[in-house]
Amino acid sequence: MSLLEEELFPSTPGKFKIDRGHTMSRHFHRCFASTSTMFLWALFLIALTASYLSFQSFIDSGSKYFSASWGGIQWEKQVRNSAQIQRSGGMSVLVTGAAGFVGTHVSLALKKRGDGVIGLDNFNNYYDPSLKRARKSLLNKRGIYIVEGDVNDARLLTKLFDVVAFTHVMHLAAQAGVRYAMKNPHSYVHSNIAGLVTLLEVCKSANPQPAIVWASSSSVYGLNEKVPFSESDRTDQPASLYAATKKAGEEITHTYNHIYGLSVTGLRFFTVYGPWGRPDMAYFSFTRNILQGKPIPIYRGKNGVDLARDFTFIDDIVKGCVGSLDTAGKSTGSGGKKRGPAQYRIFNLGNTSPVTVPTLVSILEKHLKMKAKRNIVDMPGNGDVPFTHANISLPRRELGYKPTTDLQTGLKKFVKWYLAYYGYNRGKVVN
Ligand SMILES: O=C(O)[C@H]1O[C@H](OP(=O)(O)OP(=O)(O)OC[C@H]2O[C@@H](n3ccc(=O)[nH]c3=O)[C@H](O)[C@@H]2O)[C@H](O)[C@@H](O)[C@H]1O
C-alpha cells in the first residue's frame, strides 16, 4: 500500500495519524466516517440484492424442475400402495419416464402380473403433454401412481427410496429424438447425463441397492457399417448428440457398476413403434400428415439409397424389458460401498428385419386406405444414420427375447389405436 493510500485508508484505527492539526483531523475523521458508512450501506444493499436474486433463481429452477407436489402422509400412502407387491417372488419397481411411450407399456405389464410399480415423470413439453396425461390416466386406472418430478431432483428420489425399498429401477426417462438434439443440445445433457448421474447417486446410496435396467439406444452404433449390429461392435462414432449422450450413459453406468456394485443392464432399443407412441417419430407424424392430406418428407441417403430401420414393436420391447428385470442379478453394494463384483450387461432389443422408409409409408397407406403425398428429399446432415439392423442372439440366449411382430402387423395395431385415440372413428373430418 502506498503512503497516500495508507493515510486515506488506514488498515487499523490506531494507525490514523493525528499530528496534523485538530480541525483537519476532525474534518478528515467526519469525512472518513461518512465514507465508511456509505461504503457499509452499499455493501449491505449489494448483499441484499444478491441474496434476493439467488433466492429468485432458486425459486425459478425449483419450479422448473422440482415442483414440490410431493410429500406428506397421504402422498406416502399412495406411493406405498402402488409399490405393493401382489405376487410371491415379485418385485417393486421405480419406473422413470413412466408417462412416456415405453414407460407406460412396461408399467402396465409389470402391474398386470402383480409387481409393485411407482412411476416418475416430469411431463415436459418435448411433445404434446396431453398424450402423456392420457397415458397417466390409463396407468392410474390400473392402480399405478405417477409421481410428478424430475430425475435431477435428488431430494425426491431419496424420499422415494425412504418410503419404498425398490428392488429394481427401470430407467426410461430421457430426452429422446435424434434430430432435436441440434435444436436443444442442453436438454440431452440435462436428462441423459445429469439426470442419470443423479439417479445413480441415489441408487448407489440406497440400502438395499436396486438392480438397474435402463434405455440406451441403437443410435450408439452411429457410423458403424458392420451389419447386423452386435453388442461388441464399435460404438465410438456417434452421429448425433443424442447418440453421444446414450453412449456416455453406458460408460457412466459402467463406472457405478465398477465402483459401487450396482447391477446394470443397458438396452439398445431399435426404433420402437406402436399404440400410444411418440408423436415426434416418423411413423406417427407420417400417419398424421397422410390423414390431413399434407406432404411427408421422406429422407433419402447418399446415391439415392433408401434409409432403413429395424423397426421394433412395443410389445416385443416390453418383453425384452421385463425379461431383463427378471434376469437382473442383485446389486452387491450397501451403504455406498461395493461388496463384490456385480452384473453389467448390454443387449440389443431390435426386430432383426430392417424395412426401408418408403416401404413403411406404403404399409401406412394400406392401413389408412389413403395415398401419401411423398416428398423425397436428401437426408439432412442432422444426426441421422442410413440404416440400423440388430443382431439379437445375445438377448435371445440370455433373456429368451424373441420378437414376434412384423411391421405390417404392428402398424395395423398402431393405426387402429391412432384412429380411435384422435377420434377418426367417430367421424372426425379429415382435411
Ligand atoms: O433406435 C433408436 O435408438 C432411435 O429410434 C428413433 O430414431 P429414428 O430411428 O431416427 O426414428 P424416426 O425419427 O422415427 O425416423 C425413422 C426413419 O424415418 C426417417 N425420417 C424421419 C423423419 C422425416 O420427416 N422423414 C424421414 O424420412 C429417418 O431418417 C429414419 O430413417 C427414436 O426417435 C430415437 O429416440 C431413438 O430411440
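Residues numbered from 1 in each chain as written. Predicted model: local features only at pLDDT ≥ 70, side-chain atom pairs only at ≥ 80, totals over all residues. Heavy atoms only, no water.

Going by an unreviewed UniProt entry, the protein chain carries the name NAD-dependent epimerase/dehydratase domain-containing protein and comes from Hevea brasiliensis. Listed in UniProt under the heading Sequence similarities (unreviewed entry), the comment for the protein chain reads: "Belongs to the NAD(P)-dependent epimerase/dehydratase family." (UniProt positions renumbered as here; feature names shortened; annotations may be inferred.)

A. Representation of the sheet that holds strand S6 (residues 264–269) within the structure. The sheet built from 7 strands is open, its strands ordered S3-S2-S1-S4-S5-S6-S11 with parallel pairing. Two strands bound the open sheet, and with one partner strand each, they are strand S3 (145–148) and strand S11 (344–349). Taken pair by pair, the neighbouring strands of this sheet meet at an average axis angle of 20 degrees, ignoring direction. Bridge count between strand S4 (residues 168–171) and strand S5 (residues 211–217): 4 bridges; the pairing is parallel. Residue pairing across strands places His 171 opposite Trp 214, the latter belonging to S5. (Pairing = 2+ DSSP bridges. Helix = DSSP H or I, 4+ residues; strand = E, 2+ residues; numbered from the N terminus. Axes fitted to C-alpha atoms, helices over the stretch in contact; angles between N-to-C directions.)

B. The arrangement of the site of the ligand in detail. Surrounding the ligand, one finds 22 residues, the nearest of these being Arg 179, Ser 217, Ser 218, Pro 297 and Asp 384. The contact in question runs from an oxygen atom of the ligand to an N or O atom on the backbone of Ala 282, over 2.8 Å. Burial of the ligand by the protein amounts to 93% of the accessible area it has alone, namely 700 Å². Elements that contribute at least two residues to the shell around the ligand include exactly helix H9 (282–291) and strand S8 (295–300). When grouped by side-chain class, the residues that make up the shell around the ligand number 13 nonpolar, 5 polar and 4 charged. (Near = heavy atom within 4 Å. Polar contact = N/O pair within 3.5 Å; in protein donor to acceptor, adjacent residues only side chain to side chain. Areas by Shrake-Rupley, 256 points an atom, 1.4 Å probe, with all protein chains shown as cover. Nonpolar A, V, L, I, M, F, W, Y, C, P; charged D, E, K, R; others polar.)

C. Region of interest: helix H11 (residues 357–368). With 12 residues, H11 extends 16 Å from end C-alpha to end C-alpha; this agrees with the ideal 16 Å at 1.5 Å per step. In terms of burial, H11 is a largely internal element, 9 of the 12 residues being buried. Here H11 has its buried residues at Val 357, Pro 358, Leu 360, Val 361, Ile 363, Leu 364, Glu 365, His 367 and Leu 368. Where H11 is buried, its residues meet H9, S8, strand S12 (355–356), strand S13 (373–378) and helix H13 (407–421). Looking one or two places after H11, you find Lys 369, whose phi comes out positive at around 55 degrees. (Expected span 1.5 Å × (residues − 1). Buried < 20%, exposed > 50% of the residue type's maximum accessible area, 1.4 Å probe, protein only. Contact = heavy atoms within 4.5 Å.)

D. Region of interest: H13. Under the 1.5 Å per step criterion, the end-to-end length of H13 is 20 Å for 15 residues, consistent within 8% with the ideal 21 Å. When H13 is considered as a whole, its buried residues turn out to be Leu 407, Gly 410, Leu 411, Phe 414, Val 415, Trp 417, Tyr 418 and Leu 419. Elements in contact with the buried residues of H13: helix H5 (129–141), strand S7 (272–273), H9, strand S10 (312–313), S12 and H11. Just beyond H13, the residue with positive phi is Gly 423, at close to 80 degrees.

E. Molecular detail of the packing of aromatic side chains. Counted under the stated rule, the structure contains 30 aromatic pairs. Taken together, a centroid distance of 4.8 Å and an interplanar angle of 50 degrees make the contact between Tyr 126 and Tyr 180 tilted. Of this pair, Tyr 126 sits in the loop between strand S2 (116–121) and H5 while Tyr 180 is found in the loop between S4 and helix H7 (185–205), placing the two residues 54 residues apart along the sequence. Among the aromatic residues, those joined into a cluster by ring pairs are Tyr 273, Trp 276, Tyr 283, Phe 284, Phe 311, Phe 313, Phe 414, Trp 417, Tyr 418, Tyr 421, Tyr 422 and Tyr 424. For the cation-ring pair, Lys 132 lies above Tyr 127, with the distance from its terminal atom to the ring centre recorded as 4.6 Å. (Phe/Tyr/Trp six-rings, centres within 6.5 Å; stacked < 30°, edge-to-face > 60°. Lys NZ or Arg CZ within 6 Å of the ring centre and 35° of its normal.)

F. Broad picture of the pairing of S11. In terms of burial, S11 is largely enclosed, as 5 of its 6 residues are buried. Bridging between S6 and S11 involves 6 bridges; their strand directions are parallel. Note on S11: the bridge partner recorded for Leu 267 is Phe 347.

G. Highlighting the UniProt feature "domain: NAD-dependent epimerase/dehydratase" (unreviewed entry) in the protein chain. Listed under "domain: NAD-dependent epimerase/dehydratase" (unreviewed entry) in the UniProt record, and renumbered for this structure, are residues 93–327. Note that residues 93–327 is 43% helix and 18% strand, and that its end C-alpha atoms are spaced 14 Å apart.

H. Just the nonpolar core, in detail. Residues Val 102, Met 170, Phe 269, Tyr 283 and Leu 411 are the most contacted members of the largest nonpolar core, which totals 71 residues. For this core, the leading source of residues is H13, giving 7 residues. When near neighbours in sequence (up to four residues on either side) are disregarded, Leu 411 contacts Tyr 273, Tyr 283, Leu 360, Ile 363, Leu 364 and His 367. Within the second largest apolar cluster, 32 residues are counted, among which are Trp 70, Phe 166, Ala 206 and Val 264. (Core = buried A, V, L, I, M, F, W, Y, C linked by side-chain atoms within 4.5 Å.)

I. Inspection of the pattern of salt bridges at higher detail. The final tally for this structure, using the stated rule, is 20 salt bridges. Ionic pairing is found between Lys 226 and Asp 233, a salt bridge with its closest N-O pair at 2.8 Å. Of the residues examined, Lys 226 reaches a relative accessible area of 45% and is grouped as partly exposed. For Asp 233, a relative accessible area of 10% puts it in the buried group. Ionic pairing is found between Arg 234 and Asp 236, a salt bridge with its closest N-O pair at 2.8 Å. (Salt bridge = Lys/Arg side-chain N within 4 Å of Asp/Glu carboxyl O.)

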